[in-house]
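Architecture at a glance
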Amino acid sequence: MRIRSDLARFGRGFVYAWNGIRAAVKEERNFRFHICAAFYAYAAAWLAGCTAVELALLSLCVFAVMAMELMNSAVERAVDKPDTTHWWSAGAAKDMAAGAVMVTALGAVCVAVCLFGNTASLRAIWLGVTASPVRIVLWAASFVAAYWFTFRFGRKKEKEETEHAE
């Protein structure tokens, strides 16, 4: 019986983690932005013909940035609306967590420049995107979809919360 309860608790941990990721997708614009950026990074890797090691390095960067964004969101929620004696330290904690995301993202950009910054990779990506009019239209449509997902998805809840606050 103890094994069954241990496994159930262990399994619930995955459910809680999944719920946290779902909440971030629904409620956190920056997390949605990083999902879109990851999509384009993987697309560039595919078009540039990255090796398995390069893809692994890219994946480490993508997941590090997303994990850091989840931690930033958790810190923001944990210290939101503190009492007046703790407002300065709460603001500093939120700023530091946002800074951690930025440092991680800048590291990921450095890796991307190393992976894709050479002429052969840039040429392969450009040719892959512009190979046909259909591909150009599909890429343009993907940017519209990414914009909608990043900035419009989940806004209904934000509007409802604003209306209830008034």
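Heads up: the structure comes first, above all this text.
1. Concerning the overall build of the protein chain
When its secondary structure is counted, the protein chain shows 7 helices and 0 strands. Mapped in sequence order, the helices and strands of the protein chain form the string α-α-α-α-α-α-α. A globule of 166 residues ought to have a C-alpha radius of gyration of about 15 Å, yet the protein chain, at 20 Å, is considerably larger. When its C-alpha atoms are laid out on the principal axes, the protein chain stretches across 55 × 50 × 30 Å. Of the contacts formed within the protein chain by residues at least 6 apart in sequence, a portion of 68% connects residues at least 24 apart. Positive and negative side-chain charges of the protein chain, numbering 18 and 14 respectively, have mean locations separated by a distance of 8 Å.

2. Examining the nonpolar core
Within the largest apolar cluster, 24 residues are counted, with the highest numbers of intra-cluster contacts made by L58, V62, L115, F116, I125 and W139. Among the secondary structure elements, those contributing two or more residues to this core are α2 (29-48), α3 (52-79), α4 (87-116) and α6 (133-151). No other element matches α2, which puts 10 residues into this core. Beyond its immediate sequence surroundings of up to four residues, W139 is in contact with F39, Y40, A43, L47, G128 and V129.

3. Comments concerning the layout of surface pockets
Size it by volume and the largest pocket reaches roughly 480 Å³. Around the largest pocket, the lining comprises 22 residues; the ones closest to its centre are A37, A38, Y40, A41 and A112. At the level of elements, α2, α3, α4, α5 (119-129) and α6 are the ones that each hand at least two residues to the lining of the largest pocket. Per element, the largest residue contribution to the lining of the largest pocket is 8 residues, and it comes from α2.

4. Details of α2
Along its 20 residues, α2 runs 29 Å from first to last C-alpha, staying within 8% of the 28 Å computed at 1.5 Å per residue. Within the span of α2, buried status applies to F31, R32, H34, C36, A38, Y40, A41, A43, A44, A45, L47 and A48. Turning to α2, the residues buried within the fold contact α1 (2-27), α3, α4, α5 and α6. Looking one or two residues past α2, G49 carries a phi angle of roughly 70°, positive in sign.

5. Quick word on the packing of α3 against α4
Close contact between α3 and α4 brings their axes to 9 Å; oriented N to C, the two are set at 170°. One way to sum up the angle between α3 and α4 is to call them roughly antiparallel. Along the lines of polarity and charge, the residues of the contact of α3 with α4 split into 19 nonpolar, 2 polar and 4 charged.

6. Remarks on the side chain of E28
Note on placement: E28 falls in the loop between α1 and α2. Setting aside chain neighbours within four positions, we find E28 in contact with A23, S73, E76 and R77.

7. Structural notes on the packing of aromatic side chains
One pass over the full model with this rule turns up 7 aromatic pairs. Here the aromatic rings of Y40 and F143 are separated by 4.9 Å at their centres, their planes lie at 25°, and the arrangement is stacked. With Y40 in helix α2 and F143 in helix α6, this pair connects stretches of sequence that are 103 residues apart. By relative accessible area, which is 19% here, Y40 ends up buried.

8. A word on the environment of H34
Its location among the elements puts H34 in helix α2. For H34, a relative accessible area of 12% gives the class buried. It is 7.6 Å that separates the C-alpha atoms of H34 and V65, two residues lying 31 residues apart in sequence.

The rules behind the values
Every chain begins its residue count from 1, and numbering advances along the sequence as written. The model is predicted, so local features are restricted to residues of pLDDT at least 70 and side-chain atom pairs to those at 80 or more, both for listing and for counting; the totals for chains, interfaces and linings are taken over all residues. The basis for every side-chain value is the complete set of heavy atoms in the structure, and neither hydrogens nor water enter the calculation. Only runs of H or I of at least four residues qualify as helices and only runs of E of at least two qualify as strands under DSSP, and these elements are numbered from the N terminus. As a reference, a globule follows 2.2 Å times the number of residues to the power 0.38, and the radius of gyration itself is taken over C-alpha atoms. We call two residues in contact whenever any of their non-hydrogen atoms come within 4.5 Å of each other. For this count, His and the chain ends are skipped, Lys and Arg are scored as positive, and Asp and Glu as negative. For the purpose of locating charges, the reference atoms are NZ of Lys, CZ of Arg, CG of Asp and CD of Glu. As used here, the term nonpolar core means buried Ala, Val, Leu, Ile, Met, Phe, Trp, Tyr and Cys residues forming a set that is joined through side-chain atoms within 4.5 Å. Residue exposure (1.4 Å probe, protein chains only): buried if accessible area is under 20% of the type maximum, exposed if over 50%, otherwise partly exposed. Lining residues are those with an atom within 4 Å of a point, where the points come from a 1 Å grid over the protein atoms alone and group into cavities, where a 1.4 Å probe fits but cannot get out, or pockets, open sets with protein on both sides within 12 Å along at least five of seven lines. Grid points are joined across faces, edges and corners, and a volume is the space filled by probe spheres set on the points. By this rule the span expected of a helix is its residue count minus one, scaled by 1.5 Å. For helices, the fitted line uses only the C-alpha atoms of the stretch in contact; every axis is such a line through C-alpha atoms, and the angle between N-to-C directions lies from 0 to 180 degrees. Oblique is the label for every angle not falling under 35 degrees (roughly parallel), over 145 degrees (roughly antiparallel), or within 65 to 115 degrees (roughly perpendicular). All residues other than Ala, Val, Leu, Ile, Met, Phe, Trp, Tyr, Cys, Pro, Asp, Glu, Lys and Arg, Gly among them, are scored as polar; the first ten of these are nonpolar and the last four charged. Planes of paired rings set the category: under 30 degrees apart is stacked, over 60 is edge-to-face and the rest tilted, where pairs are Phe, Tyr or Trp rings (Trp by its six-membered ring) whose centres lie within 6.5 Å.

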